[in-house]
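# Coordinates in review
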2 protein chains.
Amino acid sequence: MKIGIVGLGLIGGSLAKAIKKNTDHSCFALDIDRAAIAGAVAQEAIDGELTTDTLHTCDIVMVCLHPAQTIRFILDNKANFKKGGIVIDSCGVKTSIVEAVEAPLKEEGVVFIGCHPMAGREFSGFAYSVDNLFERASFIMTPSDDTAAKTVREISQLAYEIGFAKVVTSTTEEHDRIIAFTSQLAHVVSSAYVKSPSLLKQAGFSAGSFKDLTRVAKLNENMWTELFLMNKQPLVDELDCIIARLTEYRDAINAGDADGLRELLKAGRELKELSNNQQ
Amino acid sequence: MKIGIVGLGLIGGSLAKAIKKNTDHSCFALDIDRAAIAGAVAQEAIDGELTTDTLHTCDIVMVCLHPAQTIRFILDNKANFKKGGIVIDSCGVKTSIVEAVEAPLKEEGVVFIGCHPMAGREFSGFAYSVDNLFERASFIMTPSDDTAAKTVREISQLAYEIGFAKVVTSTTEEHDRIIAFTSQLAHVVSSAYVKSPSLLKQAGFSAGSFKDLTRVAKLNENMWTELFLMNKQPLVDELDCIIARLTEYRDAINAGDADGLRELLKAGRELKELSNNQQ
């Protein structure tokens, strides 16, 4: 099979490297950054360059751009994909993407299925891409009501070949609601966490918990602004929830209420253990 | 030198193992849990058992109990320590501990210096203790105005011998204010984070950021209730700060304010990078 990758950033680059390492498919890539293409060819992460004129030669095209760019690229090139071929994306929100591109592609005889490879690092760009980024990761697919089972099977099989640990299917709405909690909220909380006047005094006074809580504050603000605003209500709901919970702890501490505080902490520990058991 | 350890939990047990592995000092331990003592003897983590009657034979006693127990043990045994010997603790708060025990020990001719080995795991007890827990950790000491330089030097040297990467001195107030941010706030935020209705749907939808943000929700609620209430005002201040910051992100997202949101995220990223450079 011939696979096209649009955008050789951290995700596109890592997908290319994993495809070349773990599968027999050929892999071609399109990127406006000449250095990324040259580097990928030199590292044999791709078999060659792809252009909008040769997009139609790919059986599957993986669009690995930021959300707004993903929509723009797909709509601008909707006539350039292979008829009967499959296009997938890799964005961290699904409803906005699928609503924008699925129908226009369908009119062109192209199948679209929203996808979200659940992996990342606090670095961006091809230079940080690695062939094992997805080894322990989930690959989420959000087929629509009329997506053919054959398409779901084909992409699912490809994800396992690439090396994902697990493939999950979901509606776009369920995906966006859960991701607001597991990923988006984590990035907002980390970003807010570092804004204490105590931050620049922490050297020598911190251990694992500080590092863990603040790791993803080092984010790409352009991409995450798009993702957050495309998933406004679920994320606002999660933020309202954690602000209300934090206020409960704050009030118990302020009141010196040992029993109440212990109960709040115990409930959190038990929920964490329950969630660990569901992995 | 003969070192006594009171309380063979995660910290006491790991200190014992590191002392036996990395130094030539002898090490004896006191614990109400017979199994911990028997295990430590069998693993050669200690040279033998310590009792309140033999406490006075130790040059340095490290009290590794929860905060309230630490104060109680030291006060109950203030006459049992070696005259001219040194007693240290290992609690995550310092002002309350030092205020409670320093003067009574001084009256008995015993030197106390508040200490905080900055390491931990999300597990408790001797069974989880390891000889390399402190390898990359800071050892914080909070000498009082009239602590002799000789004492600071002696404990500092011991900490390096044990294997700590860095020894830091601080006032008790500065320690408590910074720890409220680097450690206590992290535990409260993690505990609050898991209390979303989305929690039990997260399997298959989470990656590193969720794991990092929630790791320390698995805490010992008895110990942390004591620590939080002994450091009430600094922790309430940090909680007020993060709640106010989170509300700014929440409002920007709710208003669809892309420019404002991007600025908030950019400021967080830049602060995180600045703080990384200070490590």
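Residues numbered from 1 in each chain as written. Chains lettered and ligands numbered in written order. Predicted model: local features only at pLDDT ≥ 70, side-chain atom pairs only at ≥ 80, totals over all residues. Heavy atoms only, no water.

Before going further, it helps to examine the interface of chain B and chain A. Interface extent is often summarised as the accessible area lost during association of the parts. Between chain B and chain A, the contact holds 91 residues from the first and 91 residues from the second. In this assembly, chain B packs against chain A so that about 8500 Å² is buried in total across both faces, 67% of it on carbon and sulfur atoms. Looking at the side of chain B facing chain A, the largest losses of area belong to Phe181, Lys195 and Phe205 of chain B, adding up to 10% of the total buried there. Here Glu221 of chain A ties to Arg269 of chain B by a salt bridge, and the two come within 2.7 Å at their closest N and O atoms. Between the two partners, chain B and chain A, sit 32 residue pairs in polar contact (both at pLDDT 80 or more). Mapped onto the side of chain B that touches chain A, the elements with two or more residues apiece are strand 7 (138-142), strand 8 (166-169), helix 6 (172-193), helix 7 (208-214), helix 8 (221-229), helix 9 (232-254) and helix 10 (258-277) of chain B. Residues belonging to the side of chain B that touches chain A are distributed by class as follows: 45 nonpolar, 26 polar and 20 charged. (Contact = heavy atoms within 4.5 Å. Buried area = accessible area lost by both parts, 1.4 Å probe. Salt bridge = Lys/Arg side-chain N within 4 Å of Asp/Glu carboxyl O. Polar contact = N/O pair within 3.5 Å; in protein donor to acceptor, adjacent residues only side chain to side chain. Helix = DSSP H or I, 4+ residues; strand = E, 2+ residues; numbered from the N terminus. Nonpolar A, V, L, I, M, F, W, Y, C, P; charged D, E, K, R; others polar.)

Once that is clear, we can look at the sheet that holds strand 4 (residues 60-63) of chain A. Residues and elements named next belong to chain A. In space, the eight strands of this open sheet follow the order 3-2-1-4-5-6-7-8, with mixed pairing throughout. In this open sheet, the two strands that pair with only one neighbour each are strand 3 (48-49) and strand 8 (166-169). As defined by bridge partners, strand 6 (residues 111-117) adjoins strand 7 (residues 138-142) across four bridges and the pair is classed as antiparallel. Paired with Gly114 across the two strands is Thr142, which belongs to strand 7. Taken strand by strand, helix 3 (residues 67-76) contacts strand 1 (2-6), strand 2 (26-30), strand 4, strand 5 (86-89) and strand 6, and its axis lies near 145 degrees from that of strand 4. Lying over the sheet, helix 4 (residues 95-107) contacts strand 5, strand 6 and strand 7, oriented at roughly 150 degrees with respect to strand 6. (Pairing = 2+ DSSP bridges. Axes fitted to C-alpha atoms, helices over the stretch in contact; angles between N-to-C directions.)

With that settled, the discussion passes to the environment of Ile19 of chain A. Residue and element names in this part refer to chain A. With respect to the helices and strands, the residue Ile19 is situated in helix 1 (residues 10-22). It is 8.8 Å that separates the C-alpha atoms of Ile19 and Ile46, two residues lying 27 residues apart in sequence. Contacts of Ile19, omitting those with residues within four sequence positions, involve Ile3, Ile5, His25, Cys27, Met62 and Ile162.

This part is about the relation of the copies chain B and chain A. When chain B is fitted to chain A, the best match, at an RMSD of 0.0 Å, comes from turning it 180 degrees and sliding it 0.0 Å along the axis. The superposition of one copy onto the other is thereby described by a two-fold rotation axis. Comparing contact sets, 100% of the residues at the interface of chain B also lie at the interface in chain A, consistent with an isologous, same-surface contact. (Least-squares fit on C-alpha atoms with pLDDT ≥ 70 in both.)

The values are spatial; any link to function lies outside them.
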